[in-house]
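# Descriptive structure summary
Residues per chain are reported as follows:
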2 protein chains.
Amino acid sequence: MIKPRTPPGVMELLPRDQIAFQRMLDTIRHAFEQFGFLPVETPVMELTDVLLTKSGGETERQVYFLQSTGALEKSGEGLPELALRFDLTVPLARYVAEHEHELAFPFRRYQMQRVYRGERAQRGRFREFYQCDIDVIGKDALSPRFDAEVPAVIAAVFERLAIGEFTIQLNHRKLLRGYFEGLGIEGDAQMLVLRELDKLDKRGADAVRATLAGDGFGLAPDVIDKLMAFSQVRSTGHADALAKLDALGAGTALLEEGRDELRAILNQLKALGVNEARYALNLSIARGLDYYTGVVYETTLNAYPQIGSICSGGRYENLAGHYTRSKLPGVGISIGLTRLFFQLKDAGLVATADSSVDVLVALMDEAGLEHALALSQRLRAAGLNVETQLEPRKLAKQLQYADKTGIRFVVMRGEDEAARKVVTVKDLRRGEQFEVTEAELAAALLVEREQLRSAAGNA
Amino acid sequence: MIKPRTPPGVMELLPRDQIAFQRMLDTIRHAFEQFGFLPVETPVMELTDVLLTKSGGETERQVYFLQSTGALEKSGEGLPELALRFDLTVPLARYVAEHEHELAFPFRRYQMQRVYRGERAQRGRFREFYQCDIDVIGKDALSPRFDAEVPAVIAAVFERLAIGEFTIQLNHRKLLRGYFEGLGIEGDAQMLVLRELDKLDKRGADAVRATLAGDGFGLAPDVIDKLMAFSQVRSTGHADALAKLDALGAGTALLEEGRDELRAILNQLKALGVNEARYALNLSIARGLDYYTGVVYETTLNAYPQIGSICSGGRYENLAGHYTRSKLPGVGISIGLTRLFFQLKDAGLVATADSSVDVLVALMDEAGLEHALALSQRLRAAGLNVETQLEPRKLAKQLQYADKTGIRFVVMRGEDEAARKVVTVKDLRRGEQFEVTEAELAAALLVEREQLRSAAGNA
């Protein structure tokens, strides 16, 4: 038993403090954006020669160097005290076990942070990537009803991300194991057969059939037929999913248990009003075989099956057996956002975003500075993100700059406009310009921005 | 010259892609919160024995171990290839130098991420902490007008954070150096004298005076008088700041340059409408002596001077001399949010937050499940964060749970309410309850939530 604890010198907050912290971060970010600053995030690690360009400073003596396992094994020394997390599940287990008596169960948590893998870098594989995880953790027990809530969240996420039609695919480890037992396949053999069936897409039916009939497995042709048919079950729509479950026929007690739970999940998804095109049975999915014990989920983009699962997870028996004797069953799901983003960009499904800056307040001449500053502040107070042109430049250059950086509106005020207390707004998105009084400017820009957002279907 | 580059296997985005990525993260977080999941963030590093409870797995072979410089020097081997960043400035320098030809200048960036320091852990000192930085980087030159925009952002941030009255303190390295030159103190001696003056609060005037008159410095009493008077200049209000600058008398060309720039900054802050109680001259502040070359900023909480500066920065000559021959002057400021949050908690200035969950939809009996699920989804669609009670429990337990976790509203629907198509809402914050029709429920809760937010003065 390992005592769950954090290293000294880190701040880790319980949920209500974390919310306060997050609100502060949000407030700061919002203000920064209102002033036209652009977001950047850099990897947590830098090449040592890039990072350590000077020597002898205080902080240069406080760098944490990273070593991958391979390098350490060669050096023959023991493991260093600290290491970077490689997923968000181990930290969750440690966190829940450490704070067991301070948390309210069932504990619904989300975590959206970067994780680290010291693997060989190649295109589309990342050493550092975001995971966005949700899990519900129960104490001693966790109602199977959470198994339906989790995919309802995922459906809401992907509806709002608007990256195309998707399907949350459902299977159940008990249904799977029960069905295999009914065919006389027990224990470790189940895992090995599953692995072969999982290769159906890659190897083709004939090759898999040959392997299952061969020396290692020695399965009879009719058993192989049943296995292949089972693993190819896919449903389309709610009623079809229920019908396909019925069509499996009577089975072992374990199969019945899994089937009942899947039926309950399907009915609960319907009660939650989740679009029935968004979920389906897929009896071929299994996921981490020694980890998941109940429902398992995978999510695919209908038009891009080659991307594979963009959000996977399932139900597990016990989260933190390494850290506590308490039984902590859970259900959860993870989105690998860095990889997903990379693939969506690759497939042209993520357009380059407009700037977070809504408005450039142009500056025509020195005399206009004070007015430009005050006008910018009024637009910010109305909720717009505004950049001020601080030094006069040719108007064409200012418009070019706005265009290049994706700023939609340029607000201009020459002598003529000043005399009439109006400004001219150039809308670079629509390629139009219009005149508006200064008093009505903020409202006009907010309306335009809102219209575009509604048109784009974003929240 | 070191080639600025990232390690292979990390994703680093240019601003417009980063915005798209951030929007996805926000969308996901919002959806998770609407379903009642709570935020958690764990430190990027875990104790090795906590992290590596099993062995032989794929990811267990891909861990990045960290070694502090001390341990490495003992082992006698070379530095590892990768290390964790210790601030956001070195990564910014590398980033701007690497993407010099893809960025639009002046480049306003914000970055809010964790940095790492391998220092000995002690109370209030962190090995991992958030920095929230803004910088504006120019190519070849950067208008001094940005020097006033930066404190205007900081004023907006701390106004909105609502953690009490604060003062952004301003000084200027040219004014400082010019004044010292006028007293015959040149070169390295300036730095040493400044360090002594900086100890005024800790050591007291007599001790500092003795040191400055002693062997190392040998300054005349009237020079020491002038230095002490200079370093004690503080202004209150806009006119006083300008007057105190005038009162310094005629000085060297360098002093005049610094004074002119400070005057321009003060006038620009006024034009931006920044409350004049929020900024002041403080001619004792100097900050990183070999780094900042123009204006310098520190920010203090008026009621908590012992916390020290909560946001510091200034103008620097050249950001990325180690990575590029281009001259990249900049001005920026940094908030050490982890340390600040810790100190605010310590001083009782951050209250434990309410839950991010607005509403618990209670469940009185099995028959109510479907209705509870559908009602929860309707409240979510209206923009509320909702948790559904999925298994019936004694109502007292459900209320207790909401109270413990900081959920404000509990929506209850017994047989009597169901018959009348109403629900009862228990408002745990106000200790009241009220009845409302189901059709009007979402609007009623949104109004209540909005009223409370306005009352709290939050954005």
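Residues numbered from 1 in each chain as written. Chains lettered and ligands numbered in written order. Predicted model: local features only at pLDDT ≥ 70, side-chain atom pairs only at ≥ 80, totals over all residues.

## Remarks on the relation of the copies chain A and chain B
To keep things clear, this is the line we draw: For the least-squares superposition of copies, only C-alpha atoms count, and only for residues with pLDDT at least 70 in both. Residue pairs are scored as contacts if the distance between their C-beta atoms, which are placed from the backbone, is within 7 Å.
Once chain A is rotated about the relating axis by 180 degrees and shifted along it by 0.0 Å, it coincides with chain B to within an RMSD of 0.1 Å. Such values leave the two copies arranged in the relation of a two-fold axis. Proximity to the rotation axis, assessed at the C-alpha, singles out L66 of chain A in chain A; its C-alpha lies 1.9 Å from the axis. A high fraction, 100%, of the interface residues of chain A reappear at the interface in chain B, so the copies pair face to face through one surface.

## Quick notes on the sheet that holds strand β6 (residues 128-137) of chain A
The cut-off we apply is this: Any two strands are treated as partners once DSSP identifies two or more bridges connecting them. Under the DSSP-based scheme used, a helix requires at least four consecutive residues in state H or I and a strand at least two consecutive residues in state E, with every element numbered from the N terminus. Here an axis means a line fitted to C-alpha atoms, over the contact stretch when the element is a helix, while the angle between two N-to-C directions is reported on a 0 to 180 degree scale.
Here we have 8 strands laid out as an open sheet, ordered β8(A)-β7(A)-β9(A)-β10(A)-β11(A)-β6(A)-β5(A)-β1(B), and mixed in their pairing. The open sheet has two edge strands, β8 (279-281) of chain A together with β1 (38-39) of chain B, and neither has a second partner. Sheet topology places strand β7 (residues 166-172) of chain A next to strand β9 (residues 292-301) of chain A; 7 bridges connect them, and they run antiparallel. Residue pairing in the sheet places Q169 of chain A in a bridge with E298 of chain A of β9 of chain A. Each of β6, β7, β8, β9, β10 (312-316) and β11 (330-335) of chain A is contacted by helix α5 (residues 146-161) of chain A, which is oriented at about 15 degrees to β11 of chain A, the strand it contacts most.

## Considerations on the pairing of strand β15 (residues 422-427) of chain A
All names here are of chain A. Strand direction decides the pairing type here: strand β14 (residues 409-412) and β15, joined by 4 bridges, are antiparallel. When the bridges of β15 are listed, V411 appears paired with V425. In the sheet, β15 pairs with strand β16 (residues 432-437) via 6 bridges, with the strands oriented antiparallel. Across the sheet, residue V425 finds its bridge partner in β16, namely F434. Linking two consecutive strands that pair antiparallel, namely β15 and β16, is a turn of 4 residues; a positive phi of about 65 degrees is found at G431 within it.

## Digging into the interface of chain A and chain B
What counts is decided by this rule: The classification used treats Ala, Val, Leu, Ile, Met, Phe, Trp, Tyr, Cys and Pro as nonpolar, Asp, Glu, Lys and Arg as charged, and all other residues, Gly among them, as polar.
Contacts between the two partners involve 123 residues from chain A and, on the opposite side, 123 residues from chain B. In terms of residue class, the side of chain A that touches chain B is built from 66 nonpolar, 29 polar and 28 charged. Bridge analysis of strand β5 (residues 107-116) of chain A against β1 of chain B gives 2 bridges, and the strand direction is parallel. From the neighbouring strand, Y110 of chain A faces β1 of chain B, where its bridge partner is P39 of chain B.

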